[in-house]
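For reference, the chains in residue letters:
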Amino acid sequence: MGNELTLEWLGTGSAMNYELGNSNFTLSRGDSKVVVDLSANNANMLVARNFELGSLVNLIATHDHGDHIDGLEGVGFLGWNALGREDTERPTLYVASQKLLGAVKSTLYQKMKDQQHPDNAPFQADFDFYFNTVIGEEIKIPGLPAISLHPTLHVQDMECYGVHIPEYGLWISGDTRQVKELPEGTALAFRDAGGPGNEARVHSDLDLDLIDRSADEKAITFLYHMGGTWRDSNQKQHGFAGMAMPGDKFILDGKDYRLDTTETFIHQRVPYSGPRE
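All figures in this text were calculated on a predicted structure; none of them were measured in a lab.

Let us now look at the pattern of salt bridges. What the rule picks out here adds up to 12 salt bridges. Taking the shortest distance from any N to any O, the salt bridge between Arg 29 and Glu 167 comes out at 3.3 Å. Of this pair, Arg 29 sits in strand E2 (residues 24-29) while Glu 167 sits in the loop between strand E11 (161-165) and strand E12 (170-172), placing them 138 residues apart in sequence. Through salt bridges with shared partners, one network takes in Glu 181, Arg 191, Arg 213 and Glu 217.

See the structure below:
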């Protein structure tokens, strides 16, 4: 349907979960799309399934950990070295704040600074050479609904954000150890449940942080960002809607959602054919 919003998970695991991949996703409506976070692993996976990275026009970075932004390196190099993009042709990266943009630039600078012109003359490229950037917690992209980035606690003194799309009742926690209340009108939620179950954790833990959420909330909540013990989580037995899997497509119409599992797991490097719960 033309007015439906599709959330597709490229991966749903923690930084080093080789089965579930990294927790990045796309949001699309009609011909408009944005990629929310992009790891190098998921960028390679997209290439492997014949997706044109050069077609990426809009990207969002929620924080500057590698499993969320390292894929920007490949997108940037492709844009200049393969496609010769300049100025307004470059993809646009949306970030919530100037501080976060500075962190992203600092993380990628050394890897992306050395460049050359078509005549092989070397030059130093900064991040703005590869991407146009837009700063703000409220994001407006033509063809897509308004996207709100909400701040959340992941690592102390590090900026990190989740995603909220009020028009469709979609809420995603982002990488976080904070258990925020769901906004009014939420129809579908995703919570970080990566743990591990200790006081140094930087992700919410299913047993320590999420198990006592209300039954109504659990019924519309899928868990994600799970580590290597994800098979043991038993999220449905605890009352949650389930766990998001790589390739899952959640299609929202503004009132409800449906789950399309046609391409679930088929693009992962280590395919998994076991149960979903």
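Another aspect to go through is empty space enclosed by the protein. Enumeration according to the criterion identifies three cavities of 30 Å³ or more in this entry. What the largest cavity holds in volume is close to 70 Å³. Around the largest cavity, the lining is made up of 14 residues, and of these Phe 25, Asp 37, Thr 62, Gly 174 and Tyr 224 lie nearest the centre. Taken together, the residues of the lining of the largest cavity break down into six nonpolar, six polar and two charged.

As a further point, take the sheet that holds E12. To summarise the sheet geometry, strands pair through backbone hydrogen bonds and adopt either a parallel or an antiparallel arrangement. An order of E9-E10-E11-E12-E13-E14-E15 is seen for the seven strands of this open sheet, with the pairing classed as mixed. Looking along the sheet, the strands with just one partner apiece sit at the ends: strand E9 (138-139) and strand E15 (242-243). Note that E9 and strand E10 (residues 147-151) share two bridges and pair antiparallel. Paired with Glu 138 across the bridge in E10 is Ser 148.

The subject of this paragraph is unusual backbone geometry. The phi dihedral of Asp 37 is positive, around 70°, even though this residue is not glycine. Position of Asp 37 among the secondary structure elements: in the loop between strand E3 (32-36) and helix H1 (40-48). Judged by its relative accessible area of 4%, Asp 37 is buried. With phi around 60°, His 225 is a residue other than glycine that occupies positive phi space.

Here we come to the environment of Ala 103. Tracing the chain through its elements places Ala 103 in helix H4 (residues 98-112). With relative accessibility at 25%, the residue Ala 103 sits in the partly exposed group. Taking the C-alpha atoms as reference points, Ala 103 and Met 16, 87 residues apart in sequence, are found 22 Å from one another.

What follows covers the layout of surface pockets. In this structure, the largest pocket occupies an estimated 210 Å³ of space. Ala 193, Gly 194, Asp 205, Met 226 and Thr 229 are the residues nearest the centre of the largest pocket, which is lined by 14 residues in total. A breakdown of the residues in the lining of the largest pocket according to their chemical character gives four nonpolar, seven polar and three charged.

Now for the pairing of E2. The element E2 is extensively covered by neighbouring structure, given that six of its six residues are classed as buried. The pairing of E2 with E3 spans five bridges and is classified as antiparallel. Counterpart to Leu 27 in the pairing with E3 is Val 34. Joining the antiparallel neighbours E2 and E3 is a turn of two residues, in which Gly 30 adopts a positive phi near 60°.

Take the side chain of Thr 92 next. Within the fold, Thr 92 resides in strand E5 (residues 92-95). Thr 92 sits in the buried class, given a relative accessible area of 14%. Excluding anything up to four places from it in sequence, Thr 92 contacts Val 57, Asn 58, Leu 59, Asn 132 and Val 134.

This next bit is on the packing of helix H3 (residues 71-82) against H4. Packing of H3 against H4 leaves a shortest axis separation of 10 Å and a crossing angle of 55°. By the angle between their axes, H3 is oblique relative to H4. Crossing of H3 over H4 shows right-handed handedness. Mapping the contact onto sequence places Leu 72, Glu 73, Gly 76 and Phe 77 in H3 and Val 104, Leu 108, Lys 111 and Met 112 in H4.

Reading the values: rules and limits
Residues numbered from 1 in each chain as written. Predicted model: local features only at pLDDT ≥ 70, side-chain atom pairs only at ≥ 80, totals over all residues. Heavy atoms only, no water. Salt bridge = Lys/Arg side-chain N within 4 Å of Asp/Glu carboxyl O. Helix = DSSP H or I, 4+ residues; strand = E, 2+ residues; numbered from the N terminus. 1 Å grid on protein atoms, 1.4 Å probe; cavity = no way out; pocket = protein on both sides within 12 Å on 5 of 7 lines; lining within 4 Å. Points joined across faces, edges and corners; volume = space filled by probe spheres on them. Nonpolar A, V, L, I, M, F, W, Y, C, P; charged D, E, K, R; others polar. Pairing = 2+ DSSP bridges. Buried < 20%, exposed > 50% of the residue type's maximum accessible area, 1.4 Å probe, protein only. Contact = heavy atoms within 4.5 Å. Axes fitted to C-alpha atoms, helices over the stretch in contact; angles between N-to-C directions. Parallel < 35°, antiparallel > 145°, perpendicular 65-115°, else oblique. Left-handed = near helix turned anticlockwise from the far one by under 90°.

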